[in-house]
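Secondary and tertiary structure notes
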Amino acid sequence: MSTIVTNAPFIGVAALACVGLYIMLSQRNLIKIVMGITIFESAVNLFLVSLGYRNEGIAPIFTNATGTYMVLPVPQAMTLTSIVIGVATTALMLTLIILIYRHTGEIDAKKSRRVKG
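An account of the accompanying structure is given in this report. (Residues numbered from 1 in each chain as written. Predicted model: local features only at pLDDT ≥ 70, side-chain atom pairs only at ≥ 80, totals over all residues. Heavy atoms only, no water.)

A closer look at the pattern of salt bridges
Evaluated as defined, the whole model comprises one salt bridge. Between D108 and R28 there is a salt bridge, with its nearest N and O atoms 3.1 Å apart. Of the two residues, D108 is situated in the segment after α4 (73-104) and R28 in the loop between α2 (8-26) and α3 (30-52); the sequence distance between them amounts to 80 residues. Taking relative accessible area as the criterion, D108 reaches 17% and is therefore assigned buried. (Salt bridge = Lys/Arg side-chain N within 4 Å of Asp/Glu carboxyl O. Helix = DSSP H or I, 4+ residues; strand = E, 2+ residues; numbered from the N terminus. Buried < 20%, exposed > 50% of the residue type's maximum accessible area, 1.4 Å probe, protein only.)

Have a look at this one:
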């Protein structure tokens, strides 16, 4: 199997991470910044799933399987935890953006810095 096909998930991780970082650093709109953070979180989740993958692996629920590789369950559990935490932090960030918009009437990061008290 060629190395590009073998490393495709890691190339996808790098691409998603670069897109997420670019959006976070280049945008001034707070909602677009949250979207960049969410894309970066997706890159982390894809990385965790890619680490646990094994060629011709079976589910770790089969305990009597001999002579075969099992997929690692710990990265999958960490990915599920990361998804739950990501949803909660995204909801919190969007809630704070709504409060900033109600207070200032802007969702621009530079203009909303005047929020005080």
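Having seen it, we continue.
Comments concerning α3
Spanning 23 residues, α3 covers 34 Å between terminal C-alpha atoms, matching the ideal 33 Å at 1.5 Å per step. Within α3 the residues assigned to the buried category are L30, I33, V34, G36, A43, N45, L48, S50 and G52. Tucked into the core, α3 has its buried residues touching α2 and α4. Two or three places before I31, at the opening of α3, N29 has a side-chain oxygen 3.1 Å from that residue's backbone nitrogen. (Expected span 1.5 Å × (residues − 1). Contact = heavy atoms within 4.5 Å. Polar contact = N/O pair within 3.5 Å; in protein donor to acceptor, adjacent residues only side chain to side chain.)

So, the nonpolar core
One finds L30, I33, V34, I97 and A109 forming the largest nonpolar core, which totals five residues. If one sorts the elements of this core by residue count, α3 sits on top with three residues. Contacts of V34, omitting those with residues within four sequence positions, involve T90, M93, L94 and I97. (Core = buried A, V, L, I, M, F, W, Y, C linked by side-chain atoms within 4.5 Å.)

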